[in-house]
Amino acid sequence: MDPLLLGLLVALATIFVLFSGVSVALGLLIVSAGFLLVFDGFRSLELMPEILFGKLDNFALLSIPMFIIMGASIASTRAGADLYEALERWLTRVPGGLVVSNLGACALFAAMSGSSPATCAAIGKMGIPEMRKRGYPDGVAAGSIAAGGTLGILIPPSVTMIVYGIATESSIGRLFLAGVVPGLLLVGLFMAWSLYSTWRSGNAAVLGAGSYSWTQKFEILPRVLPFLAIIAGVLYAMYGGIATPSETAAVGALLCLLIAVIIYKLWNPADLWVVLRDSTRESVMILFIIAAAGVFSYMLSSLFITQAIAEWIGTLDVNRWILMGTINIFLLIAGFFLPPVAVILMAAPILLPIITTAGFDPIWFAVVLTINMEIGLISPPVGLNLYVINGIAPDISLKTILTGSLPYVACMVLAIILLCLFPDLATWLPDAVMGASR
Amino acid sequence: AELRLSHQWSTGDVRHKVAQIVADEVAAADVDLEIKIFPSQSLLKAREQYKPLTRGLLDMTVLPLSYAGGQQPAYNLTLMPGLVKNHDHAARMNESPFMEAIEEIMAGDDVMVLVHGYLAGGFAAKDKCITKPEDMPGLQTRAAGKAFEQMLAGAGASIASMASSEVYNAMQSGVLDAVNTSSSSFVSYRIYEQVSCYTPAGEYALWFMYQPLLMSKSKFESLTEDQQKALLAGAEKAEAFYLDEAKKEDAVSAEVFSENGVEIAQMTAEDFEAWRTLARETSYKAFVEETPNGQQLLDLALSVE
Amino acid sequence: MAGYSTAVAARAGSNPFLRIVAALSTFAGWCSAAMIVAAVLITCQMIFVRLVLNASTVWQTEAVIYLAIAATLIGLSYVQRLRGHVNVDLFPLWLKPRARFVMALITLSASILIIAMMLYYGFEFWHFAWSRGWTSDTVWGVRLWIPYLSIPVGFGLLLLQLIADLVAVVTGADKPFGLEDA
Ligand code: NA
Ligand code: NA
């Protein structure tokens, strides 16, 4: 059978199987086994456990559970509340100050956690009830947190950047740095929109509700110190010659656990277990998808589908920006349905040769890809952040959350356009810190 | 019929070209045989190729044989410090009773060699030149291969294990002081941007790694006589090309490093002997201890003129 | 919409088989978490040895990788029990309760089949490594049957949990896909 046609068949089967409610990882295994069995013979199934094990046999992957532990342990303490409180006290006079401080807290938290749902949960637990109490519309409260939470995978550390780095053999340190400026850009856009919409609504209740004295403003600052210490420590370990990015994750995880136990007195074993349970659940979920996606890409490669698609696109003589636009639409649609790691692992091997041939920088592309995945995190049917918001505020309807996040999706699309116009936004910092791109 | 060949290198690498020559020759022979090459680990990861090969789940691979040292300890002799002196010596190695013994072990795993070939490598370091064992104490080093780790640890270096793709960043951030790998890896990972001195494989070289093109034996035997002939003819042509290119790569790597302002150091006959003495006490000894028939195999390898 | 909810584990009811499997999966979850913590500690130890003692770090990277793999595979059943494996339940949401029930039977049976296959070949692979005495090609030279053991054990536990989930749906102890009736 023609590999391209076979590819279409795989795509349809995958969509059908995944929509049936089977878990994503198992669905990928089922589709892989089915196609290997029919088109490659019975014996090729023998290799599946070996390949699955092999995909996990990678030191860099270890950083995923570690960066998740970092976020989860801090999220379990009062630390998030302190951070949130501090930003609130300083920004209270700004119209829409509460949304702005929530977004700021999301950004700072994202710098400590590799995962978006964790970021969303940590800030949302305090942020959403507080905003609703102060009279912000439900849509703004839920939407801003859902969107702010997505920064978890753009601002380093980032689970998806690690996965992209492994799939494409790019430097993970460089990828992390590439996410910083676009992350700040997105925070800026999110904040600008929040300020504008609050100002336009003219809702007096939203404006500076109470005011804080300077004493109150300063006394909270020391409580934010552990955060800054962790972020500084991780950055120093990673770029100061102590450890590779993957090793840094372990240092960060240990530091965060220690801070949670010692400074925030999280020494009740039951509370500690909650931290470990949540980290284990998210890590195992992600790592199993990675392993299953590995088997899936073995199937694609073995049936020559990957190669045929890359060849076919190579023969298409289209403008590179039309190509980039098409790729973005494809990624967006894939992101609607699949969790980010699955999209990256299945798409990267096919897309990377196309991207580099068309003269795009793979590090820059990682950022564009990540922002696409961020949009997927706040869109149905698989929007991990939506589930988190739903868990925090079950009485806000999905429709309200979605309408609330829509303007922030527009901000992300704008960010992608800006990145296309000014690629330096992504590549400048890694080049400045680590030397010109290789 | 169709054969699937998997390897870990990019399409610009000499080892891909070796595979490509065989594939092209077989296609040109018009014997109803096609070799599909899967480069850059696009089918199987580097270290996961040998096991499927032995079970007939993969047809062909270009593989550093020592990667399978965990399954057949004898293969560790194909990446042993000081066993091979230069490329002509390596070529004689391929024709020797030693290689016959290794091929016999492969046959036991249902594997056969189509194209023999050795590639050489050297040392590079951030702050000094490495030519002799006395240069090693205290250096955080990443060595390519178990036997080299044992020898360098014996010289007083500290061994850090990591993937070769991590070496550049580890050198840049100061996690690593020195690295030992193949000439082509030195160039393709742009290590010259991070080091001050390079000791390439020259008249004397320590690091030679056997990286043959392997095939499933029963798969080969299942082919028609014409197909087998075409494969063997292609392999012969590829082997000559491989030896030629292997010699060129060392010189090219030295040139690239020197162009980038890296000092080039050379190993003397004395240095080579010092390393070899050290290797005898460390890696050779460990090899003999853990390998059935180890001493006999080692003697066979050492007896190649 | 299920998937990443803060919501609860699959319900076991009073069925002794379901309760035993639930207990096994929970225990596996503890082991998995413990292995992740061990990996964190070993990695930190490695950095200390290299940075402060400037000594060799030969075994740590390998040990930590195998711990992470084992944590993933052993943790599968526990995460299945917590409904932590993200899914897209588009079709089940569209379907009427009766059809949804049938859909759940089909997806669970397919999952059981694929994991049974992984268990079978995984066991075979483990047995190869064990009977042939394979080791890793490093100085540490781990006997590979030890890390490979996590394949049959992990998939075996997941298989049990999936069968338990199927039993729970069939006996009515749990709702298909954990969805409340629309
Ligand atoms: Na982050
Ligand atoms: Na989505």
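Residues numbered from 1 in each chain as written. Chains lettered and ligands numbered in written order. Predicted model: local features only at pLDDT ≥ 70, side-chain atom pairs only at ≥ 80, totals over all residues. Heavy atoms only, no water.

- Looking up chain C in an unreviewed UniProt entry gives the name TRAP transporter small permease protein, with the organism given as Roseibium salinum.
- Reading the Sequence similarities (unreviewed entry) entry of the UniProt record for chain C gives the comment "Belongs to the TRAP transporter small permease family." (UniProt positions renumbered as here; feature names shortened; annotations may be inferred.)

## Quick word on the overall build of chain C
Move 1: When helices and strands are counted, chain C shows six helices and zero strands.
Move 2: Ordered by position from the N terminus, the helices and strands of chain C form the series α-α-α-α-α-α.
Move 3: A compact globule built from 182 residues should have a C-alpha radius of gyration of about 16 Å, whereas chain C, at 20 Å, is more than 25% larger.
Move 4: Overall, the C-alpha framework of chain C stretches about 65 × 35 × 30 Å when taken along its three principal axes.
Move 5: Among the 182 residues that make up chain C, the fraction classed as buried is 57%.
Move 6: Contacts in chain C between residues far apart in sequence, at least 24 positions, make up 75% of those at least 6 positions apart.
Move 7: The positive charge centre, built from 11 side chains, and the negative charge centre, built from 8, are 5 Å apart in chain C. (Helix = DSSP H or I, 4+ residues; strand = E, 2+ residues; numbered from the N terminus. Rg over C-alpha atoms; globule rule 2.2 N^0.38 Å. Buried < 20%, exposed > 50% of the residue type's maximum accessible area, 1.4 Å probe, protein only. Contact = heavy atoms within 4.5 Å. Lys, Arg positive; Asp, Glu negative; His and termini not counted. Charge placed at Lys NZ, Arg CZ, Asp CG, Glu CD.)

## Thoughts on the interface of chain A and chain B
Move 1: In this complex, chain A contributes 24 residues to the contact, which on the side of chain B involves 24 residues.
Move 2: Buried surface at the junction of chain A and chain B, both sides included, amounts to about 2,100 Å², of which 49% is carbon and sulfur.
Move 3: Run the count over chain A and chain B and you get three salt bridges.
Move 4: With a closest N to O distance of 3.6 Å, Arg4(B) and Asp40(A) form a salt bridge.
Move 5: There are six residue pairs in polar contact (both at pLDDT 80 or more) connecting chain A and chain B.
Move 6: When residues of the side of chain A that touches chain B are traced back to their parent elements, those giving at least two are α3 (48-56) and α14 (269-302) of chain A.
Move 7: Residue composition of the side of chain A that touches chain B, by class: eight nonpolar, nine polar and seven charged. (Buried area = accessible area lost by both parts, 1.4 Å probe. Salt bridge = Lys/Arg side-chain N within 4 Å of Asp/Glu carboxyl O. Polar contact = N/O pair within 3.5 Å; in protein donor to acceptor, adjacent residues only side chain to side chain. Nonpolar A, V, L, I, M, F, W, Y, C, P; charged D, E, K, R; others polar.)

## As for the UniProt feature "transmembrane region" (unreviewed entry) in chain C
Residue and element names in this part refer to chain C.
Move 1: Sites flagged by UniProt as "transmembrane region" (unreviewed entry) map to residues 20-42, 63-81, 101-123 and 144-164.
Move 2: Annotated as 100% helix and 0% strand, the span residues 20-42 places its first and last C-alpha atoms 33 Å apart.
Move 3: Spanning residues 144-164, this segment combines 90% helix with 0% strand, and its end C-alpha atoms are found 31 Å apart.

## Some details on the nonpolar core
Move 1: In this structure, Leu29(A), Met48(A), Ile64(A), Phe365(A) and Phe155(C) are the most contacted members of the largest nonpolar core, which totals 220 residues.
Move 2: Among the elements that line this core, the one with the most residues is α14(A), at 16 residues.
Move 3: Excluding residues within four positions of it along the chain, Ile64(A) makes contact with Val159(A), Ile162(A), Val163(A), Ile286(A), Leu287(A) and Ile290(A).
Move 4: If you look at the next biggest cluster of nonpolar residues, it comprises 59 residues, including Met106(B), Ala157(B), Met209(B) and Val304(B). (Core = buried A, V, L, I, M, F, W, Y, C linked by side-chain atoms within 4.5 Å.)

## Quick look at the coordination of the sodium ion (ligand 1)
For a metal bound by four donors in a tetrahedral arrangement, the ideal donor-metal-donor angle is 109.5 degrees, while six donors in an octahedral arrangement ideally sit at 90 or 180 degrees.
Residue and element names in this part refer to chain A.
Move 1: Of the protein atoms, only Ala110 (O), Ser113 (O), Gly152 (O), Ile155 (O) and Pro157 (O) coordinate the sodium ion (ligand 1), at distances of 2.2 to 2.4 Å.
Move 2: Taken in sequence order, the residues that donate to the sodium ion (ligand 1) follow the motif A-x2-S-x38-G-x2-I-x1-P. Of this pair, Ser113 sits in the loop between α6 (97-110) and α7 (116-133) while Pro157 sits in the loop between α8 (138-149) and α9 (159-168); the two residues are 44 residues apart in sequence, bridging distant segments of the chain.
Move 3: The class of Ser113 is buried, set by a relative accessible area of 0%.
Move 4: Note on Pro157: relative accessible area 3%, which makes it buried. (Donors = N, O, S within 2.8 Å, 3.2 Å for Na, K, Ca; no water.)

## Section: the environment of Leu369(A)
All names here are of chain A.
Move 1: Inspection of the secondary structure assignment puts Leu369 in helix α18 (residues 362-377).
Move 2: Relative accessible area serves as the criterion here: at 3%, Leu369 is assigned to the buried category.
Move 3: Sequence separation of Leu369 and Met161 is 208 residues, and the distance between their C-alpha atoms is 9.6 Å.
Move 4: Every residue in contact with Leu369, bar those within four places of it in the chain, is listed here: Tyr164, Leu331 and Ile344.

## Section: the state of the cysteines
Think of a disulfide as a covalent bridge from one cysteine sulfur atom to another cysteine sulfur atom.
Move 1: Tallying each qualifying case throughout the model produces one disulfide over all chains.
Move 2: There is a disulfide in this structure between Cys129(B) and Cys197(B), and the S-S distance comes to 2.0 Å. Note on the Cys129(B) and Cys197(B) pair: the S-S dihedral is about 100 degrees, so by sign convention the disulfide is right-handed. You can see Cys129(B) sitting in the loop between β5 (118-125) and β6 (140-143) and its partner Cys197(B) sitting in strand β9 (residues 197-199), a full 68 residues away along the chain.
Move 3: Given a relative accessible area of 2%, Cys197(B) falls into the buried group.
Move 4: With no disulfide of its own, Cys120(A) lies closest to Cys106(A) among cysteine sulfurs, the gap being 6.9 Å.
Move 5: The structure places no disulfide on Cys420(A), whose sulfur is separated from the nearest cysteine sulfur, that of Cys411(A), by 16 Å.
Move 6: A residue is classified by how much of its surface remains accessible, and Cys420(A), at 17% relative accessible area, is buried. (Disulfide = S-S within 2.5 Å.)

## With respect to the environment of Ala147(B)
Residue and element names in this part refer to chain B.
Move 1: By the secondary structure assignment, Ala147 is in helix α5 (residues 146-154).
Move 2: Relative accessible area serves as the criterion here: at 5%, Ala147 is assigned to the buried category.
Move 3: Each C-alpha atom of the pair Ala147 and Asn76 lies 7.4 Å from the other, and the pair is 71 residues apart in sequence.
Move 4: With near-sequence residues (within four places) excluded, Ala147 lies in contact with Leu79, Met80, Pro81 and Ser283.

## Re the packing of helix α16 (residues 320-337) of chain A against helix α17 (residues 340-357) of chain A
Residues and elements named next belong to chain A.
Move 1: Put simply, α16 and α17 touch, their axes get as near as 12 Å, and they point 175 degrees apart. Compared by their axis directions, α16 and α17 come out roughly antiparallel. Mapping the contact onto sequence places Leu323, Met324, Ile327, Phe330, Leu331, Ala334 and Gly335 in α16 and Val343, Ala347, Leu351, Ile354 and Ile355 in α17.
Move 2: For the contact of α16 with α17, the per-class residue count stands at 11 nonpolar, one polar and no charged. (Axes fitted to C-alpha atoms, helices over the stretch in contact; angles between N-to-C directions. Parallel < 35°, antiparallel > 145°, perpendicular 65-115°, else oblique.)

## A word on unusual backbone geometry
Move 1: Residues Pro156(A) and Pro157(A) are joined by a peptide bond in cis, for which omega reads -5 degrees.
Move 2: Positive phi, close to 55 degrees, is recorded for Asp30(B), a residue that is not glycine.
Move 3: As for its position among the elements, Asp30(B) is in the loop between α1 (14-29) and β2 (34-38).
Move 4: The exposure class of Asp30(B) is exposed, given its relative accessible area of 68%.
Move 5: Positive phi outside glycine occurs at Arg190(B), with the angle close to 55 degrees.

## Here we look at the pattern of salt bridges
Opposite charge on two side chains makes pairing possible when the charged atoms of those side chains draw close.
Move 1: Counting across every chain of the model gives 23 salt bridges over all chains.
Move 2: Among the ionic pairs, Arg174(A) bridges to Asp431(A), the shortest N-O distance being 3.1 Å. Highlighted residues: Arg174(A) in helix α10 (residues 172-201) and Asp431(A) in helix α21 (residues 424-434), separated in sequence by 257 residues.
Move 3: Across the pair Lys247(B) and Asp88(B) runs a salt bridge whose closest N-O atoms are separated by 3.0 Å. Highlighted residues: Lys247(B) in helix α9 (residues 225-259) and Asp88(B) in helix α3 (residues 87-94), separated in sequence by 159 residues.
Move 4: In this structure Lys247(B) comes out as partly exposed when scored by relative accessible area, which is 36%.

## What about α9(B)?
Move 1: Here α9(B) spans 50 Å end to end across 35 residues, near enough to the 51 Å set by a 1.5 Å rise per residue.
Move 2: Backbone geometry just downstream of α9(B) places Gly261(B) in the positive-phi region, at approximately 75 degrees. (Expected span 1.5 Å × (residues − 1).)

## Quick notes on the interface of chain C and chain A
Move 1: Between chain C and chain A, the contact holds 64 residues from the first and 57 residues from the second.
Move 2: Joining chain C to chain A, the criterion identifies five residue pairs in polar contact (both at pLDDT 80 or more).
Move 3: Secondary-structure elements contributing two or more residues to the side of chain C that touches chain A are α1 (16-51), α2 (60-81), α3 (90-94), α4 (97-131), α5 (145-148) and α6 (150-171) of chain C.
Move 4: Class assignment for the residues of the side of chain C that touches chain A results in 45 nonpolar, 16 polar and three charged.

## What to know about the sheet that holds strand β1 (residues 2-6) of chain B
Residue and element names in this part refer to chain B.
Move 1: Pairing is mixed in the open sheet, where five strands are placed in the order β2-β1-β3-β11-β4. Both outer strands of the open sheet, β2 and β4 (111-115), are each paired with one neighbouring strand and no more. Recorded for the sheet is a direction-independent mean angle of 25 degrees between the axes of neighbouring strands.
Move 2: When β4 meets strand β11 (residues 213-216), the two strands line up antiparallel, connected through four bridges. Bridging from a neighbouring strand, Val115 pairs with Leu213 of β11.
Move 3: Across the sheet, α9 touches β1, β2, β3 (60-62), β4 and β11, and the angle it forms with β4 is around 60 degrees. (Pairing = 2+ DSSP bridges.)

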